[in-house]
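Each chain is listed here by its residues.
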Amino acid sequence: MGGSHSREDLDLSDSDSEDAESRASDNSDYGTPTPASASSKLASGGGAAATPTSIDAINRHLRQLHLKYNEPISPNPSPGPTPTPSANPTAFNAVKLYLHIGGSSPAAKWIISDRLAAASFVRTGDDEDDDAPARGPWCLVVGSKIRARVGPELQLKTFPAQRRVDFVADGVWALKFLHADGFGDFCAKYHSCMFENSYGVAATEEGRAKVFGKDFAAWARPEDGDESIWEDATDGFSPGPKGSPMPPQTPVLKSVLEDLHEFEEPVEEGSGIKSLALGALDNSFLVGDKGIEVVRNFEHGIHGKGMSVKFSGGSTNFSTPKKALLMRAETNMLLMSPATDGKPHAKGVHQFDIETGKVVSEWKFEKDGADINMRDITNDSKGAQLDPSESTFLGLDDNRLCRWDMRDRRGIVQNLASATESPVLQWTQGHQFSRGTNFQCFASTGDGSIVVGSLDGKIRLYSKSSMRMAKTAFPGLGSPITHVDVTYDGKWILGTTDTYLILICTIFIDKDGKEKNGFSGRMGNRIAAPRLLKLNPLDSHLAGANNRFREGRFSWVTENGKQERHLVATVGKYSVVWNFLQVKNSHHECYQYQEGLKSCYCYKVIPKDESIVASRFMHDRYLVSDSPEAPLVVATPMKVTSFSISSRH
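Residues numbered from 1 in each chain as written. Predicted model: local features only at pLDDT ≥ 70, side-chain atom pairs only at ≥ 80, totals over all residues. Heavy atoms only, no water.

Teacher, can you tell me more about the overall build of the protein chain here?
The helix and strand tally for the protein chain stands at 10 helices and 41 strands. The buried share among the 649 residues of the protein chain stands at 55%. In the protein chain, once contacts between residues fewer than 6 apart in sequence are set aside, the share between residues at least 24 apart is 58%. (Helix = DSSP H or I, 4+ residues; strand = E, 2+ residues; numbered from the N terminus. Buried < 20%, exposed > 50% of the residue type's maximum accessible area, 1.4 Å probe, protein only. Contact = heavy atoms within 4.5 Å.)

Would you mind going over the pairing of strand 16 (residues 348-353) with me for this structure?
Walk down a regular strand and you will see the side chains alternate between the two sheet faces. Most of strand 16 sits inside the fold, with six of its six residues counted as buried. Here four bridges tie strand 15 (residues 332-336) to strand 16, and the two strands are oriented antiparallel to one another. Bridge pairing links L334 to Q351 in strand 16. Sheet analysis places strand 16 next to strand 17 (residues 358-364), joined by six bridges and oriented antiparallel. Across the sheet, V349 pairs through a bridge with W363, a residue of strand 17. In this antiparallel pair of consecutive strands, strand 16 and strand 17, the connection spans four residues, and G357 shows a positive phi of 75°. (Pairing = 2+ DSSP bridges.)

Looking at this structure, how should I read the packing of aromatic side chains?
Under the criterion given, the structure shown has 16 aromatic pairs. On the numbers, 5.2 Å between centres and 35° between planes, the contact of F365 with W404 is tilted. Separated by 39 residues along the polypeptide, F365 in the loop between strand 17 and strand 18 (366-367) and W404 in strand 22 (residues 400-405) bring together distant segments of the chain. Take W404: its relative accessible area is 0%, and that puts it in the buried class. Both rings, one in W404 and one in W427, keep their centres 5.6 Å apart while their planes meet at 90°; by these two values the pair is edge-to-face. Of the two residues, W404 sits in strand 22 while W427 sits in strand 23 (residues 426-432), which places them 23 residues apart along the sequence. Through pairs of rings, three or more aromatic residues link up here, namely F121, F177, F183 and F186. Seen from the ring of F195, R208 lies directly overhead, with NZ or CZ sitting 5.7 Å from the centre. Geometry around W427 places K367 over its ring, the cationic atom sitting 5.0 Å from the centre. (Phe/Tyr/Trp six-rings, centres within 6.5 Å; stacked < 30°, edge-to-face > 60°. Lys NZ or Arg CZ within 6 Å of the ring centre and 35° of its normal.)

Would you mind showing me how to read the confidence of the model for the protein chain here?
The predicted structure's coordinates, where accompanied by low pLDDT, should not be read in detail. In this model, the protein chain carries a mean pLDDT of 80, and residues with pLDDT of at least 70 account for 75%. No element of the protein chain has a lower mean pLDDT than helix 2 (residues 35-39), at 35, and none a higher one than strand 28 (residues 483-486), at 98. Predicted confidence for residues 1-6 stays below pLDDT 50, and this span has 27 contacts to residues more than four positions away or in other chains. Throughout residues 234-257 the model reports pLDDT below 50, and contacts reaching past four residues in sequence, or to other chains, amount to 49 contacts. (pLDDT = per-residue confidence, 0-100.)

What am I meant to see in empty space enclosed by the protein here?
Unoccupied space between atoms shows up once a probe the size of one water molecule is rolled over them. Counted under the stated rule, the structure contains five cavities of 30 Å³ or more. Taken as a whole, the largest cavity holds about 110 Å³ of empty space. Forming the boundary of the largest cavity are 15 residues, of which S271, L286, G288, G291 and E293 lie nearest the centre. Listing elements by their share of the lining of the largest cavity, those giving two or more residues are strand 10 (283-288), strand 11 (291-298) and strand 13 (308-310). (1 Å grid on protein atoms, 1.4 Å probe; cavity = no way out; pocket = protein on both sides within 12 Å on 5 of 7 lines; lining within 4 Å. Points joined across faces, edges and corners; volume = space filled by probe spheres on them.)

In structure tokens:
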């Protein structure tokens, strides 16, 4: 079991020979430097101040002479000529540039790449010989070595106590600002450039109002928003100290950190796992290139060689499914294969009978006599796969949201054995939007409400009774939503983008003082700012070439009154776990000194040797007595690994 290999809280040494001091450290289980430890890390490798004494003295003396200084970075970007990078140590934007080398090896360290450089923000095209003002995206320029577009892919993280900024740009870099004012100006300019690059409007009050509107003012300026929803988050598993909803590290976290036990099992050679269908009952299923392998569920994870069904030959000749959906008390599975390579849309689904090990039928998607495509399918509700009589499921396409029924129009189960052609699924409920929704993914709550993520980053909430009009529509943050999950009670939503997860609370108090969620009523302006879950820049870089966030999920419960405990996502070669309670805790040290939307960097990394296909917690029924969580299953193309958590604590 790998630890969280966060190597950010380390001494940015001025001497390459100080290898012992500049090597990466791993003092914290969750890799976030505390303010106390952060302030003790100095640019010079020793002493009591982050800025060298000689520079401070020279700076004070020069300022007394009233010399003309370079203008500081403006808090709000505006088009104009390219600022001339300055190597003047008295300039506000003077920095020392560090590069991280050695990856995750014991010899990993930071080295000085440029002892004195200028950090500036310029527009693409500013350096071209053209009288017209440049209108390209904003870029971060550091000396002559770095020029990178300002965006979430930088994975930029600030350390105010150290006047330090880390980011990814064909490597992992760190800036140490020589002056506190320069650090503050840099952060303000960065947020303004990020906003303008994301939304195409300036980061003014008018621009923010245009993007977020009055109902989402807390998203535009989180520091002015209502934090009561987050501050009310309490630890339902263990009491916290007075004055804080929970301790900095709960027993739940400590168990995940210290007591994971790994069980690894290779899959059939050449099968190549493509997706994982976890069952809540006796079996789970590995869907690969050649077919489906059935494995057994145990309290310590999944393993064992069971039945194997091949896709090729006879009536089961179809491409590898991209989606496997369990239903009818997990005795049947719907397999959805893309109709065209490279595109996710399918013209129908194959029904696989698990008890007989055969594909019994191919269903077509059809509406008003015309064939249509679907991008995704999911169960009617969070626990619907356990219902033995389930005959309906949800479907999603770019501009469609609907419910399909496997019975005929009279509600009678269609006779598959006597059918001479593919049976047709009945469109029983839904809406076909005219255009512009660009739906990408969806999920259902315990009562059947639906959350949908879109290409423009919006997240829409639909009640179980209507798919025509969203009760609530959360604005996008500039990145497409590629996956979405929701808690069983519908109170929390987890959206996945390529570079971060977004956690949204749907709870609000209506005008009568009653607690509701955004699926059942319009939230109006009573909406709290979301939390972002990110990797620190070094972990993001070390996760591998395919280091996009994928399929962020809550742990799995299907009963009222039970609460999800952890969040998990796949990032390249990493499976990353967050403690749900810690993320919700407003007093958590991670959120101190942050500006804008708060980002949580406290997580547990589980590294693998190859890119991970899926990471999911098993159903809550496999949570053993006194254990903080059900086993975590991590699948790579050639192996499936279960991590069980010891109950000895």
